Amino acid sequence: MKKSLKIIGIVIIVNIFLIFLGCIWAKGLKEDQKETKNKMKLVLDAYPGFNESLDEFSDKRNILYEYKDELYFETLSENVDAWNKFMEEYAEGIKKVESTAKVLKNNCKFQYGDVNTNSKCTVFKANYEAAHNYYISDVIAYNKMVSGYEEWNNENGGKYKEVNKADFPVYKKYIDYDNDGEYFGKEVEVSKNE
């Protein structure tokens, strides 16, 4: 009888222990689900702001390419202040893209059980990479043109105003943010002849 009471006591203790572990596991699972839902909400809430900053950056880039088609050393020398200001605004545009991307960068590292959230993250990664690489390509081309302008200005006795080279406020080198082995946006790097 004592032996069977010991066995029953051990079985009860083991069952209590298993129930306790099951409760801890269930609580952890609920907390994980809650945290995942919060992260998904952060992604869905942050995406429109990022997309808006991306549109503003794209508008600035379009203006750059409109102006660039008519840009020669002579016209640059006549509009130095405007070009210096415009390139500062262009740099501010990429800074804004970067600042609106912070929440997405932190929360798009995971695969979610929600197709909408995953698609926003996929689009974010591609657009983030493209925006930065386009900016780098544009600045490289612009700075090459400014170097040519400086040589031209020196040949003409330095009588024209100095043009500032554009800065790289976020990345200085091309990025592969989505780690797919390609640098989306890099292929648009402009040749020296343009």
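Residues numbered from 1 in each chain as written. Predicted model: local features only at pLDDT ≥ 70, side-chain atom pairs only at ≥ 80, totals over all residues. Heavy atoms only, no water.

A. View of the pattern of salt bridges. Tallied over the entire structure, the rule returns nine salt bridges. With its nearest N and O atoms 3.8 Å apart, the salt bridge here joins Glu-35 to Lys-39. Taken together, the positions of Glu-35 and Lys-39, both in helix α1 (residues 2–68) and four residues apart, correspond to about one turn of that helix. Judged by relative accessible area, which is 44%, Glu-35 ranks as partly exposed. Close ionic contact of Lys-85 with Glu-89 constitutes a salt bridge, the shortest N to O distance being 3.7 Å. With a gap of four residues between them, Lys-85 and Glu-89 both fall in helix α3 (residues 80–100), about one helical turn apart. Taking the relative accessible area as the measure of exposure, Glu-89 reaches 30% and is therefore partly exposed. Connected via shared salt-bridge partners are Lys-60, Lys-85 and Glu-89. (Salt bridge = Lys/Arg side-chain N within 4 Å of Asp/Glu carboxyl O. Helix = DSSP H or I, 4+ residues; strand = E, 2+ residues; numbered from the N terminus. Buried < 20%, exposed > 50% of the residue type's maximum accessible area, 1.4 Å probe, protein only.)

B. Representation of the state of the cysteines in the model. Scanning all chains against the criterion turns up one disulfide. In this model Cys-108 forms its disulfide with Cys-121; the gap between the sulfur atoms is 2.1 Å. On the sign convention where negative means left-handed, the S-S torsion of about -75 degrees between Cys-108 and Cys-121 marks this disulfide as left-handed. In this pair, Cys-108 sits in the loop between α4 (102–107) and α5 (115–155) while Cys-121 sits in helix α5, placing the two residues 13 residues apart along the sequence. (Disulfide = S-S within 2.5 Å.)

C. The environment of Asn-106, seen in detail. Its location among the elements puts Asn-106 in helix α4. When the C-alpha atoms of Asn-106 and Val-43 are compared, they prove to be 9.2 Å apart, with 63 residues separating the residues in sequence.

D. Expanded view of the side chain of Asn-133. Relative to the helices and strands, Asn-133 resides in helix α5. A polar contact is formed between the side chain of Asn-133 and the backbone nitrogen of Ile-175, at a distance of 2.8 Å. Non-local contacts of Asn-133, meaning those with residues more than four positions away in its chain, are made with Tyr-174, Ile-175, Tyr-183, Phe-184, Gly-185 and Lys-186. (Polar contact = N/O pair within 3.5 Å; in protein donor to acceptor, adjacent residues only side chain to side chain. Contact = heavy atoms within 4.5 Å.)

Without other data, these values stay purely geometric and don't point to any function.
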